[in-house]
Protein chains: 2
Amino acid sequence: MRIALDAMGGDHAPDVVVEGGIQAAREYGLEIVLVGKERVIKKELAKYDTSGLSLPVVPASEVLEMDEEPARAARAKKDSSMAVGLRMVKEGQAEAFASAGNSGGVLATALFTLGRLKGVKRPALSSIIPVKTGFSFILDLGGNTDCKPEWLLQFGIMGSIYAEIVLGIQNPRVAIISNGEEEGKGNQLVKETTPLLKGSHLNFVGNVEGKDIVTGKADVIVTDGFTGNVAVKTAEGVADMLFSLLKDAIEKRPLAILGACLAQGAFKEVKRRLDYSEYGGAPLLGVKGVVIVGHGRSNAKAIKNMVRTAAEAVRGDMLGAIQEAIESNLLLKGVKHA
Amino acid sequence: MRIALDAMGGDHAPDVVVEGGIQAAREYGLEIVLVGKERVIKKELAKYDTSGLSLPVVPASEVLEMDEEPARAARAKKDSSMAVGLRMVKEGQAEAFASAGNSGGVLATALFTLGRLKGVKRPALSSIIPVKTGFSFILDLGGNTDCKPEWLLQFGIMGSIYAEIVLGIQNPRVAIISNGEEEGKGNQLVKETTPLLKGSHLNFVGNVEGKDIVTGKADVIVTDGFTGNVAVKTAEGVADMLFSLLKDAIEKRPLAILGACLAQGAFKEVKRRLDYSEYGGAPLLGVKGVVIVGHGRSNAKAIKNMVRTAAEAVRGDMLGAIQEAIESNLLLKGVKHA
């Protein structure tokens, strides 16, 4: 299987991306196409023993930077590593594309290049978040700030399939974020989406409040891109704040420093539980191709896992399953309305 | 000064509320009117030496419970401790009302009993949240799930006055929650509210992302009640999860248990920094009366501080300041539109 990897995407590109790509080629026996500035990539590759691995380089002269306005940059940079990699997917030269670059940029470029799956109203950016009992899958995360009920239903359908095929969760529990657990609580969007989710074939378990996003009450958490973005970033911010407050409080107490050393294993375990690099990345769902987006801060391990995720989505025929589910849902609607 | 205190409100009412009320009467020299079931309150009072303190009991036969549907219960229970206490404010028999009970119930009962200040579109529930550098004030938190831009502007105006008068913050920085820091990022509501905030007399500092809600970039954080509720509850949930993961990780390692004992002071410092009971409560803003709402889990210290907050709002003539600011803003709009 050939996976196109955006060698220029991420805070630590291209070195860390190339390193992760090599690890993926070695561990999973995949062909990893490194897309980006040829000279730079080859210089990085030369640092490693890559004999026996399949790591072709495909040149792309431009880079869509982390801080660029996605839609504008996607339109302007026709030869970015994202555009070139995604065109490979469109043309069947690669079976998936993975990038730890500007996620909005991937979304915009993928929309231009691949387009949407038939019947899909809006593609969704997603994330895997660590929760008390393991992890949950949440979408949308910023692409669609103002949503319609049907889009959220489709996010639920696509998220459920991803959870089943790639994350290996049987009959995933799907919930919608709201400002209260009870049915009837919610803004207009939640109130209008609830009957659609209840009427679908999904294993819909109702509303989750903010505090239950991280307790593992649901496997797939659906929300509009605005709320999802705020919730996930608030969670990151609070975790950062707590660790930083704890660090400051420990550092001014000699005994506490000793104590923290003794408790180091416990701290490491918690950090490991929260470590996004284990999951590697999360899909852009609803476009005509397998596209995985990684965290900007990805290290080599995260890149490797992002590539693995892409391969699993290809192997499980995620696209076919989504297409079928979206179509049968449209059909269901057609029957109901007839 | 007379403050009406909802003796039946909160998870640990009435015992903890009566205890906190006594502390407030003693420390601040206030007259605390305990509103609720007379027999129960008097039984609690009898446990303490209250000589020299002014702690009259005003009977109310009903209780609006924590889990009741607010609007319905507020309509049905005309003799709840909330209704009675708020009527005292309306009739000038008390200068403020404070409750750690069902916050939606306080909101609904206050709307029935006191009504809105002139020109205020919607009252807002608020909260004080611990942030890296101290605390921030956030509103709305659930009353208004679908908002109009002008309501959010008014939340900013009312929040700014509260921050100045009661929290003692000079020229408070006001921000709006969005899915990106840059101007232009946001859902329709944020995009339409931004020019109103920029055109106001407020010290508007722009958008805050989820991760910056807790970094102290703003003193007053404005948002719709749906997003505010999700953000604040997500923050609570993540903090709970981290402490619980850390506890579990420590408990299975004997050395880490010893380490945690040595670092106990540091842990306590962090817990203290996150302790809502220091702030005691936050106002319901926009109604015709000073109303402070406390956390359901309030302990006696939180109740005492909630009463202090109410007294400070009265002393600083918060209501007059809000009324004036709302009117001058309406006037400003009138001039602009002329």
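Cut-off values and rules
Residues numbered from 1 in each chain as written. Chains lettered and ligands numbered in written order. Predicted model: local features only at pLDDT ≥ 70, side-chain atom pairs only at ≥ 80, totals over all residues. Heavy atoms only, no water. Helix = DSSP H or I, 4+ residues; strand = E, 2+ residues; numbered from the N terminus. Rg over C-alpha atoms; globule rule 2.2 N^0.38 Å. Contact = heavy atoms within 4.5 Å. Areas by Shrake-Rupley, 256 points an atom, 1.4 Å probe, with all protein chains shown as cover. Lys, Arg positive; Asp, Glu negative; His and termini not counted. Charge placed at Lys NZ, Arg CZ, Asp CG, Glu CD. Buried < 20%, exposed > 50% of the residue type's maximum accessible area, 1.4 Å probe, protein only. Pairing = 2+ DSSP bridges. Domains from an automatic or database assignment. Buried area = accessible area lost by both parts, 1.4 Å probe. Salt bridge = Lys/Arg side-chain N within 4 Å of Asp/Glu carboxyl O. Polar contact = N/O pair within 3.5 Å; in protein donor to acceptor, adjacent residues only side chain to side chain. Nonpolar A, V, L, I, M, F, W, Y, C, P; charged D, E, K, R; others polar. Phe/Tyr/Trp six-rings, centres within 6.5 Å; stacked < 30°, edge-to-face > 60°. Lys NZ or Arg CZ within 6 Å of the ring centre and 35° of its normal. Axes fitted to C-alpha atoms, helices over the stretch in contact; angles between N-to-C directions. Parallel < 35°, antiparallel > 145°, perpendicular 65-115°, else oblique. Left-handed = near helix turned anticlockwise from the far one by under 90°. pLDDT = per-residue confidence, 0-100.

1. Examining the overall build of chain A
Moving on, step 1. Tallying secondary structure elements over chain A gives 12 helices and 11 strands in all.
Moving on, step 2. Over its C-alpha atoms chain A spans a radius of gyration of 21 Å, differing by no more than 12% from the 20 Å that the globule rule assigns to 338 residues.
Moving on, step 3. Taken along the three principal axes of its C-alpha coordinates, chain A extends 60 × 60 × 35 Å.
Moving on, step 4. Considering only contacts in chain A between residues 6 or more positions apart, those separated by 24 or more positions represent 71%.
Moving on, step 5. Total accessible area on chain A stands at roughly 13400 Å², and carbon and sulfur atoms take up 51% of it.
Moving on, step 6. For chain A, the distance from the average site of its 41 positive side-chain charges to the average site of its 40 negative ones is 1 Å.

2. Considerations on the pairing of strand S5 (residues 124–131) of chain A
All names here are of chain A.
Moving on, step 1. Counting buried positions over the 8 residues of S5 gives 8, a clear majority of the element.
Moving on, step 2. Burial of the side chains of S5 extends over both faces: Ala124, Ser126, Ile128 and Pro130 are buried on one face and Leu125, Ser127, Ile129 and Val131 on the other.
Moving on, step 3. Judged from the 2 bridges that link them, S5 and strand S10 (residues 281–285) form a sheet pairing that is antiparallel. Residue pairing across strands places Ala124 opposite Leu285, the latter belonging to S10.
Moving on, step 4. Where S5 lies against strand S6 (residues 134–139), 6 bridges are found, and the strand directions are antiparallel. Note that in S6 the partner of Ile129 across the bridge is Ser136.
Moving on, step 5. Between S5 and S6, which pair antiparallel one after the other, the connecting turn spans 2 residues.

3. Remarks on unusual backbone geometry
Residues and elements named next belong to chain A.
Moving on, step 1. Following Ala13, the chain continues to Pro14 via a peptide bond in cis, the omega torsion being 0°.
Moving on, step 2. Here Pro14 is to be found in the loop between strand S1 (2–6) and helix H1 (15–28).
Moving on, step 3. You will see that Asp317, though not glycine, has its phi angle at about 50°, which is positive.
Moving on, step 4. Tracing the sequence through the fold places Asp317 in the loop between helix H11 (300–315) and helix H12 (318–337).

4. Examining the domain arrangement of chain A
All names here are of chain A.
Moving on, step 1. Here the domain parsing of chain A yields domain 1 (1–120 + 286–317) and domain 2 (127–278).
Moving on, step 2. On a C-alpha basis, the centroid separation for the pair domain 1 and domain 2 is 26 Å.
Moving on, step 3. Contacts between domain 1 and domain 2 engage 17 residues on the former and 11 residues on the latter.
Moving on, step 4. Carbon and sulfur atoms make up 53% of the surface buried where domain 1 meets domain 2, a total of about 1100 Å² over both sides.
Moving on, step 5. In terms of surface lost to domain 2, no three residues of domain 1 exceed His295, Arg297 and Lys301, which account for 30% of the buried area on that side.
Moving on, step 6. If you look at where domain 1 meets domain 2, you find 0 salt bridges.
Moving on, step 7. For the pair domain 1 and domain 2, the number of links is 1 residue pair in polar contact (both at pLDDT 80 or more).
Moving on, step 8. For the side of domain 1 that touches domain 2, the leading source of residues is H11, giving 7 residues.
Moving on, step 9. For the side of domain 1 that touches domain 2, the class distribution of residues is 4 nonpolar, 8 polar and 5 charged.

5. Examining the interface of chain A and chain B
Moving on, step 1. On the side of chain B, 53 residues touch chain A, which itself brings 52 residues to the contact.
Moving on, step 2. Carbon and sulfur atoms make up 72% of the area that chain A and chain B hide from each other, which totals about 4600 Å².
Moving on, step 3. Viewed at the interface, chain B and chain A are joined by 6 salt bridges.
Moving on, step 4. One salt bridge connects Glu209 of chain B with Lys233 of chain A, and the closest N-O pair in it is separated by 2.2 Å.
Moving on, step 5. One can count 10 residue pairs in polar contact (both at pLDDT 80 or more) joining chain A with chain B.

6. Thoughts on the side chain of Lys77 of chain A
All names here are of chain A.
Moving on, step 1. With respect to the helices, strands and loops of the structure, Lys77 is situated in the loop between helix H3 (70–76) and helix H4 (81–90).
Moving on, step 2. Residue Lys77 is classed as buried on the basis of its relative accessible area, which comes to 17%.
Moving on, step 3. Filtering out sequence-adjacent residues up to four positions away, Lys77 remains in contact with Glu62, Val63, Leu64, Glu68 and Ala83.

7. Quick look at the packing of aromatic side chains
Moving on, step 1. Applying the stated criterion across every chain yields a total of 2 aromatic pairs over all chains.
Moving on, step 2. Geometrically, the ring pair formed by Phe137 of chain A and Tyr162 of chain A is stacked, given 4.8 Å between the ring centres and 25° between the ring planes. Of this pair, Phe137 of chain A sits in strand S6 while Tyr162 of chain A is found in helix H6 (residues 149–165), placing the two residues 25 residues apart along the sequence.
Moving on, step 3. The aromatic ring of Phe112 of chain A is capped on one face by Lys78 of chain A, whose charged end is 5.7 Å from the ring centroid.
Moving on, step 4. One residue, Lys271 of chain B, lies across the ring of Phe243 of chain B, its end atom 4.5 Å from the ring centre.

8. Description of the packing of H1 of chain A against helix H2 (residues 38–45) of chain A
Residue and element names in this part refer to chain A.
Moving on, step 1. At a minimum axis distance of 9 Å, the contact between H1 and H2 shows a crossing angle of 55°. Relative to H2, the element H1 lies oblique. Seen from above, H1 lies across H2 with right-handed handedness. Contacts between H1 and H2 pair Asp15, Val18 and Ile22 from the former with Ile41, Glu44 and Leu45 from the latter.
Moving on, step 2. Residues of the contact of H1 with H2, tallied by class, amount to 4 nonpolar, no polar and 2 charged.

9. Some details on the confidence of the model for chain A
Residues and elements named next belong to chain A.
Moving on, step 1. For chain A, the mean per-residue pLDDT works out to 93, and 97% of the residues sit at or above 70.
Moving on, step 2. Throughout residues 334–338 the model reports pLDDT below 50, and contacts reaching past four residues in sequence, or to other chains, amount to 1 contact.
Moving on, step 3. Model confidence for the complex: the whole-complex pTM is 0.93, and ipTM, which rates the interface, is 0.92.

10. A few points about the sheet that holds strand S2 (residues 31–36) of chain A
Residues and elements named next belong to chain A.
Moving on, step 1. The strand order across the open sheet built from 11 strands is S3-S2-S1-S4-S11-S10-S5-S6-S9-S7-S8, with neighbouring strands paired in mixed fashion. Where the open sheet ends on each side, the last strands, each with one partner, are strand S3 (57–59) and strand S8 (203–208). On average, each strand axis in the sheet is tilted by 30° relative to the strand beside it, whichever way the strands run.
Moving on, step 2. The sheet contact formed by S6 and strand S9 (residues 220–222) spans 3 bridges and is parallel. Across the sheet, the residue bridging to Ile138 is Ile221, located in S9.
Moving on, step 3. Helix-sheet contacts for H6 involve S5, S6, strand S7 (173–177), S9 and S10, and the interaxial angle to S9 is about 165°.

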